[in-house]
Amino acid sequence: MEAQLNSQPAEKKEKLDFKDSKYATGRRKKSIARVWLKKGPGNFLINGQKMNDYFKKMNLQIAILRPLSIANREKEYDVRCSVKGGGLTGQAGAIIHGLSRAIVEFEPELKPVLKKEKLTTRDSRSVERKKYGHRKARRSFQFSKR
């Protein structure tokens, strides 16, 4: 029985050679993304998986590719990143931040274009803490007159 379970292939993780690459860190909410960028045909790996497998939602996939599309470099760079913490939206935001910073490392002349779109700055918004006597951060309990 155990031999059958072990004979099935585990989740396939892809490896790419990332020598001569540029590195940048991106952060958003509780997520941290480490991004490596190098010249290549346009492969995109997130935690060893293809981007389409890691992020199923189409709007997150489009958002992640936004720094490359603004710089008109969609098929010029290979991207490998490892991201941890937070939810999928926060992770996508962290990857966007790290990717745009890595692009600026490669081509500093693209910084004004990416900065105008606010991609090189960290989005400092985070979850507001819950307050005592409230149901959530701002939502109070229902008030009953009688």
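Reading the values: rules and limits
Residues numbered from 1 in each chain as written. Predicted model: local features only at pLDDT ≥ 70, side-chain atom pairs only at ≥ 80, totals over all residues. Heavy atoms only, no water. 1 Å grid on protein atoms, 1.4 Å probe; cavity = no way out; pocket = protein on both sides within 12 Å on 5 of 7 lines; lining within 4 Å. Points joined across faces, edges and corners; volume = space filled by probe spheres on them. Helix = DSSP H or I, 4+ residues; strand = E, 2+ residues; numbered from the N terminus. Nonpolar A, V, L, I, M, F, W, Y, C, P; charged D, E, K, R; others polar. Pairing = 2+ DSSP bridges. pLDDT = per-residue confidence, 0-100. Core = buried A, V, L, I, M, F, W, Y, C linked by side-chain atoms within 4.5 Å. Buried < 20%, exposed > 50% of the residue type's maximum accessible area, 1.4 Å probe, protein only. Contact = heavy atoms within 4.5 Å.

Here's the deal with the layout of surface pockets
- By volume, the largest pocket is sized at about 330 Å³.
- Lining the largest pocket are 16 residues, with Arg28, Gly93, Ile96, Leu119 and Asp123 sitting closest to its centre.
- When contributions to the lining of the largest pocket are tallied by element, the ones reaching two or more residues are β1 (22-28), α3 (58-64) and α5 (88-106).
- With five residues, the top contributor of residues to the lining of the largest pocket is α5.
- Here the lining of the largest pocket is composed, by residue class, of five nonpolar, four polar and seven charged.

Observations regarding the pairing of strand β5 (residues 77-84)
- Judged from the eight bridges that link them, strand β2 (residues 31-39) and β5 form a sheet pairing that is antiparallel. The residue bridging Ile32 from the neighbouring strand is Lys84, located in β5.
- Taken together, the three bridges between strand β3 (residues 44-46) and β5 define a ladder with parallel strand orientation. Note on β5: the bridge partner recorded for Phe44 is Val79.

Focus on the confidence of the model for the chain
- Averaged over every residue, the pLDDT of the chain is 87; the share at 70 or more is 88%.
- No element of the chain has a lower mean pLDDT than helix α1 (residues 2-7), which averages 52, and none a higher one than α3, which averages 93.

Concerning the nonpolar core
- Phe44, Ile46, Phe55, Ile64, Ile95 and Leu99 are the most contacted members of the largest nonpolar core, which has 28 residues in total.
- For this core, the secondary-structure elements that each account for two or more residues are β2, β3, α2 (51-54), α3, β5 and α5.
- Sorting elements by how many residues they give to this core places α5 first, with eight residues.
- If we ignore the near neighbours within four places in the chain, the residues touching Ile46 are Met51, Tyr54, Phe55, Ile64, Cys81, Val83 and Ile95.

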